[in-house]
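# Survey of secondary and tertiary structure
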Amino acid sequence: MAESPEEVAVLVQRVVKDIRNAFQRNPHIDEIGLIPCPEARYNRSPIVLVENKLGVESWCVKFLLPYVHNKLLLYRQRKQWLNKDELIDITCTLLLLNPDFTTAWNVRKELILSGTLNPLKDLHLGKLALTKFPKSPETWIHRRWVLQQLIQENSLPSLVTKGNLGAAPVERIHRLVQEEMNVCSEAAGRYPSNYNAWSHRIWVLQHLGKLTVKVLLDELSSTKYWVSMHVSDHSGFHYRQFLLKSLIGRTVTDTSVLVQNQMINEQNPNLQEEEEEESAGAEAACAEEQSVDLPRHLEEELELCTELIDTYPGHETLWCHRRCVFYLQHHLSNKLPLPSAVVSSVDSSDETLNNSHHSPAPSHMAQAMDVDGLNESSSKQGYTQETKRLKRAPMQDSLGPELEYRFIDKVLSTCRDADQARFATAYRKWLVTFLGQ
């Protein structure tokens, strides 16, 4: 075994070269790992490549990691010169063994900015590092930086010349989003409650997915099975809470703006003719949001909670998620009538509708009846499918607490798990406190 500095240098240079050759032979490597091997029993390379899996025999790490670490630090301190190819190889080797070494990621940032390193290769390197270190914060941070470079306008044309990710910018962004979703799912499955992976997934939706309704609904559907298989993973359920909140915020905001624009156009026919194209575009943009049945999605989420709580008793994560879903239902029942208030402000003679908007929450039933009366007395031009949904959604608010209390009573009367009973009792106390506010 190598002991002298010269022998260590020769060994490390050979291992670094073997790693580079492994990536050249198989650019589709999708996982890395350490092979338990205390000693070098055979005169062979410690780098093992089997199909798409790259393994490093553990005996060489104690020589390899300190050597490349010190060599990179000497380069940063300007005490030793390394050319670009050497920098790429050394940082690649170092990050596969220790992805939380920020200096190595910073060196690769400089190589990307100089045009020496393809940013897509860094995404692949980070994906490999996450298979061994799925919670590495520096890897996720660098990954977001690389994605920001890719979505810049001056970066997208360069990807076409390199033959990557297809031809159309929209298609490339879509591929990036899908790839990031897969990376996050794999990392979340390798490490429980991997909040770094789920936070990165939220960031991708905000900056690449733009939080469109289609993307939000697709994510709700795709993560349903995952959370069903990881009932104690609070980070996964928190991600679904983010999706539901974003869906409510996106839908309610866009529909409120649309209703306001419709009322203004009805009051000003001249403006309506001049801005007909803009209004049509706004309606087209909001058409998808209008078609979303938010109460149904929240009801389905509560049904999922009920099924999981009955199947897997004693998991606090499920009860915490149920609190959030019920809160969103309550919030939605108070939020959806807001566009109706815009309608009421147009017709000041309808005092009943105005008073119902300022009345306490229990007057939801009367509010829905007043909206009916308003549409019957008007020209019915503003009576849309959205108005129908606004009328029936608040009516569920009075049934929500009663159904929750029934569910709690059922759990307490049938469960034999002490933790399950404790969580159900705590949920009842929370309901009493929340509804009493």
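This text follows the structure it describes.
Residues numbered from 1 in each chain as written. Predicted model: local features only at pLDDT ≥ 70, side-chain atom pairs only at ≥ 80, totals over all residues. Heavy atoms only, no water.

### Considerations on the pattern of salt bridges
Stated precisely, the cut-off is as follows: For salt bridges, the criterion is a side-chain nitrogen of Lys or Arg within 4 Å of an Asp or Glu carboxyl oxygen. A run of H or I in DSSP counts as a helix once it spans at least four residues, and a run of E counts as a strand once it spans at least two, with each numbered from the N terminus.
All told, the structure shown has 18 salt bridges when counted by the stated rule. When the shortest N-O distance is used, the salt bridge between Glu180 and Arg143 registers 2.8 Å. Placement of Glu180 in helix α8 (residues 169-190) and of Arg143 in helix α6 (residues 137-150) is noted, with a sequence separation of 37 residues between them. In this structure, the salt-bridge partner of Glu404 is Arg322, at a minimum N-O distance of 2.9 Å. Of this pair, Glu404 sits in helix α21 (residues 399-414) while Arg322 sits in helix α16 (residues 316-335), and the two are 82 residues apart along the sequence.

### Overview of helix α10 (residues 213-222)
Selection criterion: Here the term buried applies to any residue with accessible area under 20% of the maximum for its type, exposed to any over 50%, and partly exposed to those in between, with areas from a 1.4 Å probe on protein chains only. The arc in question is formed by the directions pointing from the helix axis toward the C-beta atoms.
Burial in α10 covers these residues: Val213, Leu216, Glu219 and Leu220. For α10, the arc enclosing every buried residue in end-on projection is 130 degrees, short of the 170-degree limit, so these residues lie on one face. The exposed residues of α10 that point more than 90 degrees off its buried face are Lys214 and Ser221.

### Considering the packing of aromatic side chains
Each aromatic ring pair is characterised by the separation of its centres together with the angle its planes make. Here is the rule we go by: Here is the rule: rings of Phe, Tyr and Trp (six-membered ring for Trp) pair when centre to centre is within 6.5 Å. Planes less than 30 degrees apart are stacked, more than 60 are edge-to-face, and the remainder are tilted.
Within this structure, the stated rule accounts for 11 aromatic pairs. Where Trp198 meets Trp226, the ring centres are 5.0 Å apart and the plane angle is 75 degrees; that geometry is what we call edge-to-face. In this pair, Trp198 is assigned in helix α9 (residues 195-209) and Trp226 in helix α11 (residues 224-229), connecting sequence segments 28 residues apart. Considered together, Trp198 and Trp226 belong to a single accessibility category, that of buried residues. Pairing Trp198 with Tyr239 gives two aromatic rings, centres 5.2 Å apart and planes at 40 degrees, and the pair type is tilted.

### Notes on the nonpolar core
In plain terms, the rule: Side-chain atoms within 4.5 Å link the members of a nonpolar core, which is a set of buried Ala, Val, Leu, Ile, Met, Phe, Trp, Tyr and Cys residues.
Counting residues in each nonpolar core, the largest one holds 93 residues, and the members touching the most others are Phe23, Leu72, Leu96 and Trp319. In this structure, Leu130, Trp140, Ala187 and Ala197 belong to the second largest nonpolar core, which totals six residues.

### Points about the sheet that holds strand β3 (residues 53-57)
Applied cut-off: Two strands are said to pair when DSSP picks up at least two bridges between them. An axis is simply a line fitted to the C-alpha atoms; with a helix, the fit covers only the stretch in contact. Between two such axes, the angle follows the N-to-C directions and lies from 0 to 180 degrees.
Pairing is mixed in the open sheet, where three strands are placed in the order β1-β3-β2. Of all the strands in the sheet, the pair left with one neighbour each is β1 (31-35) and β2 (47-50). If you compare each strand with its neighbour and ignore which way they point, the axes differ by 25 degrees on average. Sheet topology places β2 next to β3; four bridges connect them, and they run antiparallel.

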